[in-house]
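Architecture at a glance
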Amino acid sequence: MSVKNKKIINPFQTYFGMGDFLFYIAVAPLFITFNFILYFILSMLFSIIMFLLLRKKMKEETIPLAGFASLLLLALIASDMFLDFYKITVL
C-alpha cells in the first residue's frame, strides 16, 4: 500500500483494523505455518467475495474482515470435525 500511495503509511489506520489483527493473532495457534498462510489468503478472498455478494444489503462501505474470516473458520473447523479428509486446523 505504501508503494501504491508513494509514501509510508500505517495499514492499521486505513486498511486493516485492530480487531482484524487481534482476530488473526488469536486464531494463529490453530494452524501450522503453511496452513495459516493458506487460511489467511483464503479468508481475504472469501471476505472480498462475501462483500461483493452482500454489498447492496450492507449499510457501511467497510469490509468486516474478522467477521467473514470467522465464518470461514467455523466452516473449516466443522469440515475438519465431520468429514474424513486432510485436516487444515490443528484441532
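Small disclaimer: the values here were computed from a predicted structure and weren't measured.

About the cut-offs
- Residues numbered from 1 in each chain as written.
- Predicted model: local features only at pLDDT ≥ 70, side-chain atom pairs only at ≥ 80, totals over all residues.
- Heavy atoms only, no water.
- Helix = DSSP H or I, 4+ residues; strand = E, 2+ residues; numbered from the N terminus.
- Buried < 20%, exposed > 50% of the residue type's maximum accessible area, 1.4 Å probe, protein only.
- Areas by Shrake-Rupley, 256 points an atom, 1.4 Å probe, with all protein chains shown as cover.
- Lys, Arg positive; Asp, Glu negative; His and termini not counted.
- Charge placed at Lys NZ, Arg CZ, Asp CG, Glu CD.
- Axes fitted to C-alpha atoms, helices over the stretch in contact; angles between N-to-C directions.
- Left-handed = near helix turned anticlockwise from the far one by under 90°.
- Contact = heavy atoms within 4.5 Å.
- Nonpolar A, V, L, I, M, F, W, Y, C, P; charged D, E, K, R; others polar.
- pLDDT = per-residue confidence, 0-100.

Right, let's get into the overall build of the chain. When its secondary structure is counted, the chain shows five helices and zero strands. Counted from the first residue to the last, the chain has its helices and strands arranged as α-α-α-α-α. Oriented by its inertia axes, the alpha-carbon framework of the chain measures out at about 45 × 30 × 20 Å. For the chain, buried positions account for 29% of its 91 residues. With the model as given, the accessible surface of the chain reaches about 7,000 Å², and the carbon-plus-sulfur share is 73%. Of the charged side chains in the chain, 8 are positive and 5 negative, and the gap between their average positions amounts to 13 Å.

So, on to the packing of helix α3 (residues 18-27) against helix α4 (residues 33-54). One can describe the packing of α3 onto α4 by two numbers: an axis separation of 11 Å at closest approach and a directional angle of 145°. Two packed elements cross with a definite hand, and for α3 against α4 that hand is right-handed. Where α3 abuts α4, its residues F23, Y24 and V27 lie against F36, Y39, F40, S43 and M44. The class makeup of the residues in the contact of α3 with α4 is seven nonpolar, one polar and no charged.

Moving on to the confidence of the model for the chain. Per-residue pLDDT for the chain averages 87, and the proportion of residues at 70 or more is 98%. Of all secondary-structure elements in the chain, the lowest mean pLDDT belongs to helix α2 (residues 11-14), at 74, while α4 reaches the highest, 93.

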